[in-house]
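These are the residues of each chain, in order.
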Amino acid sequence: MTTPALLPLSGRRIPPLNLGPPSFPHHRATLRLSEKFILLLILSAFITLCFGAFFFLPDSSKHKRFDLGLEDVLIPHVDASKGAKNPGVFLIHGPDEHRHREEEERLRNKIRADHEKALEEAKEKLKKSREEIRAEIQTEKNKVVQEMKTKEKKPLPPVPIPNLIGINGGDPEDNDIRKKREKIKEMMKHAWDNYRMYGWGHNELRPIAKKGHSTNIFGSSQMGATIVDALDTLYIMGLHDEFGDGQKWIEENLDFSVIFKIKAVQLAEKLLPAFNTPTGIPWAMVNLKSGVGRNWGWASAGSSILAEFGTLHMEFVHLSYLTGDPVYYKKVMHIRKLLQKMDRPNGLYPNYLNPRTGRWGQYHTSVGGLGDSFYEYLLKAWLMSDKTDHEARKMYDDAIEAIEKHLIKKSRGGLTFIGEWKNGHLEKKMGHLACFAGGMFALGADGSRMDKAGHYLELGAEIARTCHESYDRTALKLGPESFKFDGAVEAVAVRQAEKYYILRPEVIETYWYLWRFTHDPRYRQWGWEAALAIEKYCRVSGGFSGVKDVYSSTPTHDDVQQSFFLAETLKYLYLLFSSDDLLPLDHWVFNTEAHPLPVLHLANTTLSGNPAVR
């Protein structure tokens with residue numbers, strides 16, 4: 001089974017990794033509520049971003065596990081002093097360059113042979129009946145579970161646990177706002193209860209057909225993606241019975257009987273072969289059994305995608321902190337250093353990079369799909385490090401300056417939008433996915449260069465207004481997948497294939513960030529308008545469904561309740577109508593799937609002695 005190891009197309013979507021919380025039969029009764037929440041956050045993060053390691057930054061004076069000096073650990077097979085005339089090509093360094101080239105050729109041949117072997121295996125599998133294939137899969141699963149139970153586990157070091165602040169509560173003082181928050185909670189319960197009834201264990205729900213749903217993005221049809229994705233939303237909303245049901249399913253069906261960190265390491269080791277490319281840029285997908293990786297065929301001649309390999313940094317770095325093993329840190333820092341050395345047209349990062357040659361693919365730059373979360377994670381790496389990762393902040397500032405110069409424009413009607421750069425031409429089209437950038441600009445305003453905090457906060461507000469207009473100019477008051485700014489057409493989808501709404505969260509995400517930073521009541525009003533539209537046009541008896549045409553007053557449903565609707569859309573709506581002491585932003589950073597992860601303030605930690613939370 002080939003399972004995507006990295007983020008899929010948008011870079012803001014859950015990948016299919018079946019990690020679940022461990023069973024602690026001897027410690028379950030002693031776990032404090034905050035400790036359970038820690039386990040929950042680890043679960044959500046691991047699932048959503050390859051294994052999304054819980055972000056603990058230990059005090060370096062007490063936990064000197066390895067030297068993080070970039071000069072010592074980065075890019076062992078790239079010589080920075082060579083290849084300057086062609087930054088897209090790097091030369092192997094060392095005393096015997098010929099031997100290294102032979103080794104590289106051997107690696108290429110092995111990769112090619114592995115691909116051919118995997119293809120032959122797939123052909124043989126297809127000759128078998130569905131029942132035979134299912135039986136073989138179950139046998140392999142049982143074998144892996146047994147190996148995990150019997151294999152001796154290497155003990156891992158203890159981890160500093162932050163004092164968790166604002167993980168529940170958030171009751172608003174205003175009665176009207178409180179009623180709206182309760183309505184969002186009721187919508188979450190409707191979505192969850194119907195998934196529980198009709199799609200339990202499947203990745204997603206078909207709410208009209210009232211049965212489970214899966215796409216190839218998850219690799220397997222019954223990995224419980226919705227369960228894992230929704231857990232922290234249930235917890236934050238105080239839906240503890242529902243949370244318990246999800247936790248029980250994961251414990252019983254994913255059979256994770258070892259503690260979280262060991263499980264994360266086991267999975268990480270399975271993912272590392274994805275980095276076995278001549279450049280160290282990982283493949284988009286890896287077969288967890290054979291270690292064979294590959295990329296999407298449509299991605300600029302088999303290139304890797306910026307929003308995939310660029311949305312691994314925080315998780316891999318902090319897994320190294322958790323385990324004391326620098327290998328994960330080295331992998332992603334290698335990516336960062338390689339990107340820094342490459343020539344960037346107009347200072348922009350193209351969306352495609354060939355992992356074999358180290359050259360950019362098609363010159364297409366987007367802050368929406370294919371590029372989005374790369375920029376988000378530069379900023380959030382800085383925030384998650386308690387603002388000590390200055391290199392990440394510099395890369396973010398440089399990227400945003402280039403984006404503002406070349407991609408951000410104002411329409412004739414006065415709407416600020418983010419276009420897409422394609423082969424030297426600005427396409428005046430903005431995607432729904434790019435609407436998250438309004439919140440990103442606001443989040444990154446503090447700490448910006450040349451005292452431009454006010455400028456970036458205003459830029460975020462302008463993007464929020466544009467994205468609101470894309471909603472307001474439809475019949476359903478829900479936004480299309482993308483919208484144009486050509487001539488008389490502004491913030492409106494033109495092609496039929498761009499008129500759908502699949503319960504996406506990015507616009508509401510931006511409303512929430514702008515509300516937190518400004519407390520301008522328009523953002524709550526806009527969020528409530530979106531909530532009412534979702535309730536009116538997307539709610540069906542079996543859950544919530546996307547719609548195929550937001551410009552039609554009698555829309556057709558797509559019959560899919562996306563897992564991110566529970567993880568992101570409803571969570572951001574709930575937070576929008578909560579007080580600021582629920583998950584305060586000086587203590588929490590949200591990953592690209594809206595799972596909150598704690599900032600570790602070094603003076604605000606304890607070293608837990610509880611083996612259940614180590």
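As the structure is a computational prediction, the values presented were derived from the model and not from experiment.

Conventions used here
Residues numbered from 1 in each chain as written. Predicted model: local features only at pLDDT ≥ 70, side-chain atom pairs only at ≥ 80, totals over all residues. Heavy atoms only, no water. Pairing = 2+ DSSP bridges. Helix = DSSP H or I, 4+ residues; strand = E, 2+ residues; numbered from the N terminus. Phe/Tyr/Trp six-rings, centres within 6.5 Å; stacked < 30°, edge-to-face > 60°. Buried < 20%, exposed > 50% of the residue type's maximum accessible area, 1.4 Å probe, protein only. Axes fitted to C-alpha atoms, helices over the stretch in contact; angles between N-to-C directions. Disulfide = S-S within 2.5 Å. Contact = heavy atoms within 4.5 Å. Parallel < 35°, antiparallel > 145°, perpendicular 65-115°, else oblique. Left-handed = near helix turned anticlockwise from the far one by under 90°. Nonpolar A, V, L, I, M, F, W, Y, C, P; charged D, E, K, R; others polar. UniProt positions renumbered as here; feature names shortened; annotations may be inferred. Polar contact = N/O pair within 3.5 Å; in protein donor to acceptor, adjacent residues only side chain to side chain.

## Describing the pairing of strand E16 (residues 489-492)
Relative to E16, strand E15 (residues 482-486) runs antiparallel, the two being bridged by three bridges. Counted as the bridge partner of Phe485 is Glu490 from E16. Taking the residues between adjacent antiparallel strands as the criterion, E15 and E16 are bridged by two residues, where Gly487 takes a positive phi near 60°.

## Quick notes on the packing of aromatic side chains
What the rule picks out here adds up to 22 aromatic pairs. Seen from their ring centres, Tyr349 and Tyr375 are 6.4 Å apart, and the 70° between their planes marks the pair as edge-to-face. With Tyr349 in the loop between helix H11 (327-341) and strand E8 (352-353) and Tyr375 in helix H12 (residues 372-384), this residue pair connects regions lying 26 residues apart in the sequence. Judged by its relative accessible area of 3%, Tyr349 is buried. Residue class for Tyr375 comes out buried when judged on its relative accessible area of 1%. Here the aromatic residues Trp512, Tyr513, Tyr572 and Phe590 are joined through ring pairs into a cluster of three or more.

## Quick look at the sheet that holds E16
Across the sheet, three strands lie side by side as E14-E15-E16; this open sheet has antiparallel pairing. Only two strands of the sheet have a single neighbouring strand rather than two, namely strand E14 (429-431) and E16. Put simply, the sheet's adjacent strands are angled 15° from each other on average, direction ignored. Taken together, the three bridges between E14 and E15 define a ladder with antiparallel strand orientation. Residue Met430 lies in a different strand from E15, and its bridge partner there is Phe483.

## Concerning the state of the cysteines
Taken as a whole and assessed by the stated rule, the structure comprises one disulfide. The residue that forms a disulfide with Cys435 is Cys467, at a sulfur-sulfur distance of 2.1 Å. Residues Cys435 and Cys467 share a disulfide whose torsion about the S-S bond is about -100°; that sign makes it left-handed. Of this pair, Cys435 sits in the loop between E14 and helix H14 (437-443) while Cys467 sits in helix H15 (residues 453-472), placing them 32 residues apart in sequence. Like Cys435, the residue Cys467 is buried in the burial classification.

## As for the sheet that holds strand E9 (residues 364-365)
In a beta sheet, neighbouring strands pair by backbone hydrogen bonds and run either parallel or antiparallel. Pairing is antiparallel across the open sheet formed by three strands, whose spatial order is E9-E12-E13. Looking at strand neighbours, the two that pair on one side only are E9 and strand E13 (425-427), the edges of this open sheet.

## Comments concerning unusual backbone geometry
Glycine aside, negative phi is the norm for most residues, and most peptide bonds take the trans geometry. Its identity as a non-glycine residue notwithstanding, Lys387 has a phi of 65°, on the positive side. Within the element layout of this structure, Lys387 appears in the loop between H12 and helix H13 (390-406). Despite not being glycine, Lys477 shows a phi value in the positive range, around 60°. Its location among the elements puts Lys477 in the loop between H15 and E15.

## A few points about the environment of Glu401
Relative to the elements of secondary structure, Glu401 occurs in helix H13. For the pair Glu401 and Arg449, spaced 48 residues apart in sequence, the C-alpha to C-alpha distance is 10.0 Å.

## Describing the environment of Val332
Counting through the fold element by element, Val332 comes out in helix H11. Its relative accessible area of 3% is what places Val332 among the buried residues. Put simply, Val332 and Phe316 are 16 residues apart on the chain and 6.8 Å apart in space, counted from C-alpha to C-alpha. If we ignore the near neighbours within four places in the chain, the residues touching Val332 are Leu312, His313, Phe316 and Val317.

## Examining the packing of helix H10 (residues 313-323) against H11
As a packed pair, H10 and H11 sit with axes 7 Å apart at the nearest point and diverge in direction by 150°. One way to sum up the angle between H10 and H11 is to call them roughly antiparallel. Here H10 and H11 pass one another in a crossing that is left-handed. Taken together, the residues of H11 that come into contact with H10 (itself represented by His313, Phe316, Val317, Leu319, Ser320 and Thr323) are Val327, Tyr328, Tyr329, Val332, Met333 and Arg336. Residues that form the contact of H10 with H11 fall into these classes: eight nonpolar, three polar and one charged.

## Comments concerning the UniProt feature "binding site: Ca(2+)" (unreviewed entry) in the protein chain
Annotation from UniProt places "binding site: Ca(2+)" (unreviewed entry) at Thr592. Side-chain polar atoms of Thr592 contact the side chain of Glu376, separated by 3.1 Å.

## Here's the deal with the packing of H12 against H13
With their axes 8 Å apart at the nearest point, H12 and H13 run at an angle of 145° to one another. Crossing angle aside, the handedness with which H12 passes H13 is left-handed. Between H12 and H13, the contacting residues are Tyr375, Leu378, Leu379, Ala381 and Trp382 on the first element and His390, Ala392, Arg393, Met395, Tyr396, Ala399 and Ile403 on the second. For the contact of H12 with H13, a count of residues per class yields 10 nonpolar, one polar and one charged.

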